[in-house]
Amino acid sequence: DAGITQSPRHKVTETGTPVTLRCHQTENHRYMYWYRQDPGHGLRLIHYSYGVKDTDKGEVSDGYSVSRSKTEDFLLTLESATSSQTSVYFCAITATSGSLETQYFGPGTRLLVL
Amino acid sequence: AQSVTQLGSHVSVSEGALVLLRCNYSSSVPPYLFWYVQYPNQGLQLLLKYTSAATLVKGINGFEAEFKKSETSFHLTKPSAHMSDAAEYFCAVRGGSQGNLIFGKGTKLSVKP
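Values in this document were obtained by computation on a predicted structure and should not be read as measured data.

1. A closer look at the layout of surface pockets
Link 1 in the chain: Of the pockets and cavities examined, the largest pocket occupies roughly 570 Å³.
Link 2 in the chain: Lining the largest pocket we find 28 residues, and of these A:Gln37, A:Arg110, B:Gln38, B:Glu88 and B:Lys108 sit closest to its centre.
Link 3 in the chain: Elements that contribute at least two residues to the lining of the largest pocket include exactly β4 (32–38), β9 (87–97) and β11 (109–113) of chain A together with β9 (87–94) of chain B.
Link 4 in the chain: The biggest single contributor to the lining of the largest pocket is β9(B), with three residues.
Link 5 in the chain: For the lining of the largest pocket, the class distribution of residues is nine nonpolar, 13 polar and six charged.

Below is the structure:
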């Protein structure tokens, strides 16, 4: 599992409230990613980070922000949660061995916005 | 731009039968391709990956996939399905220099006794 944990694992919140999801890794990987998984869409990239304080947008970044103040932590914030952000959120890292890259995923956070 | 298409959102096979899950890709550069499996209420687990070293790639749990450039395909196969193979399977292609993956929409595999 490449030492990736996510918290919380489950969350129920109300429309309009801010929500922060945390991804923590223990192996010092440079690249970290946030994806959301929705039925019929597979996984889609929200934001990614290529180092401390270095982040960029993905395919579905509207309504989300991220921060990475330490190598091991990558935070995803929903500024004002909406029902369309009900989803399962996965954090991932890229592990590099020689020239080979492999992406590993955390266990996911199930978010319900009422 | 890179993309993947998985043919069939649901596939059902009998236990012991061949499993074939289809994936076609589009890529402007030599692709890095992956298959992941997701069991109910769990994260994604890497099954196998293609990185141009060999066109036939063997993965975990008896799965393998063959890269066919002429067909732009990377289909996943297993000779004999087991009940424990019931899960959702995702094909993915490396999206760019930032290393993110672009996923297909997934294929849910059911295995009948």
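Having seen it, we continue.
2. Overview of the interface of chain A and chain B
Link 1 in the chain: Facing 21 residues of chain A, the contacting portion of chain B comprises 21 residues.
Link 2 in the chain: Among the residues chain A hides against chain B, the three largest losses belong to A:Leu43, A:Glu101 and A:Phe105. Together they make up 28% of the total.
Link 3 in the chain: Inspection of the chain A/chain B interface yields one salt bridge.
Link 4 in the chain: The salt bridge involving B:Arg94 is made with A:Glu101; its shortest N-O contact spans 2.8 Å.
Link 5 in the chain: Linking chain A with chain B are seven residue pairs in polar contact (both at pLDDT 80 or more).

3. Focus: the packing of aromatic side chains
Link 1 in the chain: If you walk through the whole model with that rule in mind, you get 17 aromatic pairs over all chains.
Link 2 in the chain: Between A:Tyr33 and A:Tyr35 the ring centres are 6.3 Å apart and the planes differ by 35°, which places this aromatic pair in the tilted class.
Link 3 in the chain: Taking the relative accessible area as the measure of exposure, A:Tyr35 reaches 0% and is therefore buried.
Link 4 in the chain: Ring pairing ties together the aromatic residues A:Tyr31, A:Tyr33, A:Tyr35, A:Tyr48, A:Tyr50, A:Phe105, B:Phe34, B:Tyr36, B:Phe90 and B:Phe103, which thus form one cluster.

4. Side note on empty space enclosed by the protein
All names here are of chain A.
Link 1 in the chain: In this structure the tally under the stated criterion is one cavity of 30 Å³ or more.
Link 2 in the chain: Estimates place the volume of the largest cavity at around 40 Å³.
Link 3 in the chain: No other element matches the three residues that strand β10 (residues 100–105) contributes to the lining of the largest cavity.
Link 4 in the chain: Among the residues making up the lining of the largest cavity, the classes are represented as two nonpolar, four polar and two charged.

Thresholds applied
- Residues numbered from 1 in each chain as written.
- Chains lettered and ligands numbered in written order.
- Predicted model: local features only at pLDDT ≥ 70, side-chain atom pairs only at ≥ 80, totals over all residues.
- Heavy atoms only, no water.
- 1 Å grid on protein atoms, 1.4 Å probe; cavity = no way out; pocket = protein on both sides within 12 Å on 5 of 7 lines; lining within 4 Å.
- Points joined across faces, edges and corners; volume = space filled by probe spheres on them.
- Helix = DSSP H or I, 4+ residues; strand = E, 2+ residues; numbered from the N terminus.
- Nonpolar A, V, L, I, M, F, W, Y, C, P; charged D, E, K, R; others polar.
- Contact = heavy atoms within 4.5 Å.
- Buried area = accessible area lost by both parts, 1.4 Å probe.
- Salt bridge = Lys/Arg side-chain N within 4 Å of Asp/Glu carboxyl O.
- Polar contact = N/O pair within 3.5 Å; in protein donor to acceptor, adjacent residues only side chain to side chain.
- Phe/Tyr/Trp six-rings, centres within 6.5 Å; stacked < 30°, edge-to-face > 60°.
- Buried < 20%, exposed > 50% of the residue type's maximum accessible area, 1.4 Å probe, protein only.

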